[in-house]
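Report on the structure
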Amino acid sequence: MRWLMVLLSFSVLLPVVVANQQGHTDGSFSIDIRHAPDSAGLDSIADAIAYAWGRAAPSRVNYGSSPEGHWFHFEIPLVQMTQNERVVVEVHYPSIDHLAFYVVNESGEVTQEHITGTNYAFNSRPIWDDDYSFLVDPALEGRRIYINARTSNSLQMPIRLYSETEFFLKDETNLIIWGAYYGIMLVMALYSLLNGLIIQERLYFYYSVYVLATALFVSALNGHGFAYLWPGHPAFNNASITLFFCVYSGFGLAFAMTLLNARRFNPLLYWLGRVVIAGGTVLGLVSLITLGDYAHYATYLALAFALVMLALGVKSVLDGYYLGWYFIIGWSVLLLSIGIFALNVLGYLPSNILIYHSKEIGSVFEIIVFSLAMSAIYRHEKAECSRINSTLDLMKQRLQKRINIVNNKSGFLEIPQLESHLKDIRDLDRRIHSDLGRILVISVMVIDKTTGRPDYIALGDCLRALFNSRVTVFPFKTATEVLPGEVTVLLFPLHNKFEAEGVIERVEQWNLSLGEQYHLHFGYAISHLTDKYDVD
């Protein structure tokens, strides 16, 4: 836990320290950008050039889900012309279906025109970049810029200006950071998958696919997938964000519910999670089959996914589950980092390298914390295994003491198969221990008072009633050296200690129902395997 706190402190303090350094400010707020919708009569670039932009509204960044097109106009500052340098205009939002970029000189002539967007092959972009970047020479081509954007999902238009040198330096730094990010994610996914194959634990499989889906979703969202994985398939790119988010959310919930044992401790949230997984599966299949853009529906899925994940973490912490803090810290930091990135895109926060990559930093932090949580499981289970062994030894001693009533001659009953059965219990998978919680052990023998020997017909009647009960029974017989016949030992898996009371009462009632001819001898012991590690 101390390493978790060190990691959290580092993630909080480092951005605060570095954020004091001056970063590059979003260019869209240092220049006068004007906006007008297509409905204002702007059907072509000629209409846009003739439009009275002085009366147009200032541009904002976020335009939400809008099916119509939007025009944007600004002029490159004169300082760029006096310095005689070329400028890169960057539209820092890769998910735009149709983007038309025009440069117009002082004579009103179009000197540069590009038609690009996610509806077109990636090589339609003049600069091979995950965002939309355009190189302009203001002195030769003019400084009047017109942009027409149209998309089927949420439209955001953060426009930034860079000098040519500054842009490529920034791009080189970003490539190194992105390479490190995807490298870490792929290594974590592969490492977890190999662990899962060796340990045969589905939790590692869920984690591995979750990490890989995170990397693919981020690559689709940021345009890297379109740039490097499927540049010639714009139709698949349109569906990729929805598809990979559905995989990401589905395996993320499966991992969270398995990690936090939600099926046992939070059944309501467990079934809510299954509903969200089912909805994401349907949406993902539809997007894959039709190759359509269903990002609008994925937004509702994202909200449900985030709420269920957060509720799982909060409930686990409130219940005192030892993995709850790992989960809630990892997930909260990811949500915080996404919020920081959103505020940066909307222009409320300055743009430096940490803020620009905040969502990736939060994602890596979350993946590392979840990995630490899985390590904590096996540290906890190592201690649990030791305590279970001690508990089973105590159970054996208690059972042998209480079973003495069966053998009044020797005062002690040998149980040759008990050692073998206790070994089987020790070797049970940890998930079975978690499901059982406790084990009730009862030894029974029906004695005929006339002959003094066991009566197996009467014993069979008792066991028949026992088998018809709602409690699952594992019977086995143990030979005794002194008494003729065998003693039957029964094991009942219990989810709580109160279930044992009904079983013991039922055994006592059998003694009354046997009548005067028979006598029922029994002893019992209860082993707490997961909660208190003691013996009743």
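Structural data are supplied above this passage.
Residues numbered from 1 in each chain as written. Predicted model: local features only at pLDDT ≥ 70, side-chain atom pairs only at ≥ 80, totals over all residues. Heavy atoms only, no water.

As a further point, take the overall build of the chain. Counting its secondary structure elements, the chain contains 18 helices and 15 strands. When burial is assessed residue by residue, the chain has 50% of its 536 residues classed as buried. (Helix = DSSP H or I, 4+ residues; strand = E, 2+ residues; numbered from the N terminus. Buried < 20%, exposed > 50% of the residue type's maximum accessible area, 1.4 Å probe, protein only.)

This part takes up the sheet that holds strand 11 (residues 159-163). Hydrogen bonds between backbone atoms are what pair the strands of a sheet, whose relative direction is either parallel or antiparallel. On the basis of which strands lie adjacent, the open sheet formed by three strands has the order 8-5-11 and antiparallel pairing. With one partner strand each, in any of the chains shown, strand 8 (132-136) and strand 11 form the two edges of the open sheet. Shown here is a sheet whose adjacent strand axes are inclined to one another by a mean of 20°, direction ignored. Relative to strand 11, strand 5 (residues 87-91) runs antiparallel, the two sharing five bridges. Considered in strand 11, the bridge of V91 is made with I159. Along the sheet, helix 5 (residues 164-199) makes contact with strand 5, strand 8 and strand 11, crossing strand 11 at roughly 110°. (Pairing = 2+ DSSP bridges. Axes fitted to C-alpha atoms, helices over the stretch in contact; angles between N-to-C directions. Contact = heavy atoms within 4.5 Å.)

What follows covers the pattern of salt bridges. Following the criterion strictly, the structure yields six salt bridges and no others. Here K170 and E90 are joined by a salt bridge, their closest N and O atoms 3.4 Å apart. Of this pair, K170 sits in helix 5 while E90 sits in strand 5; the two residues are 80 residues apart in sequence, bridging distant segments of the chain. Summarising the burial analysis for this pair, K170 and E90 share the class buried. In this structure, E360 engages K359 in a salt bridge whose closest nitrogen and oxygen atoms are separated by 3.0 Å. Assessed through its relative accessible area of 4%, E360 is described here as buried. (Salt bridge = Lys/Arg side-chain N within 4 Å of Asp/Glu carboxyl O.)

Together, L190, L193, L194, L197 and F205 line one region of the surface with nonpolar side chains, adding up to about 460 Å² of accessible area. Summarising the element assignment, L194 is placed in helix 5. (Patch = residues over 30% accessible without salt bridge, like charges linked within 9 Å, V, L, I, M, F, W, Y side chains within 5 Å. Areas by Shrake-Rupley, 256 points an atom, 1.4 Å probe, with all protein chains shown as cover.)

One open sheet accounts for six strands, arranged 2-1-4-9-6-7; its pairing is antiparallel. Two strands in the sheet have a free side with no partner beyond their single neighbour: strand 2 (57-58) and strand 7 (110-116). The pairing of strand 1 (residues 34-37) with strand 2 spans two bridges and is classified as antiparallel. Bridging across to strand 2, R34 finds its partner in P58.

Look at helix 8 (residues 234-259) against helix 10 (residues 267-290): their axes get within 9 Å of each other, and the N-to-C directions meet at 160°. Relative to helix 10, the element helix 8 lies roughly antiparallel. With respect to the hand of their crossing, helix 8 and helix 10 are arranged in left-handed fashion. Residues F236, A239, T242, L243, C246, G250, L253, A254 and M257 of helix 8 pack against L269, Y270, G273, R274, V276, I277, G280, L283, G284, S287 and L288 of helix 10. (Parallel < 35°, antiparallel > 145°, perpendicular 65-115°, else oblique. Left-handed = near helix turned anticlockwise from the far one by under 90°.)

The next thing to look at is the pairing of strand 6 (residues 98-104). The buried count for strand 6 comes to seven of seven residues, which makes it a mostly enclosed element. Side chains H98, A100, Y102 and V104 project from strand 6 onto one buried face, and the interleaved L99, F101 and V103 project onto a second face that is buried too. Note: strand 6 against strand 9 (residues 144-150), seven bridges, orientation antiparallel. Considered in strand 9, the bridge of H98 is made with R150. Pairing of strand 6 with strand 7 involves six bridges; the strand directions are antiparallel. What sits directly across from L99, in strand 7, is T116. Connecting strand 6 to the next strand, strand 7, in antiparallel fashion are five residues, including G108 with a positive phi near 85°.

In short, shape yes, function no, at least from these values alone.
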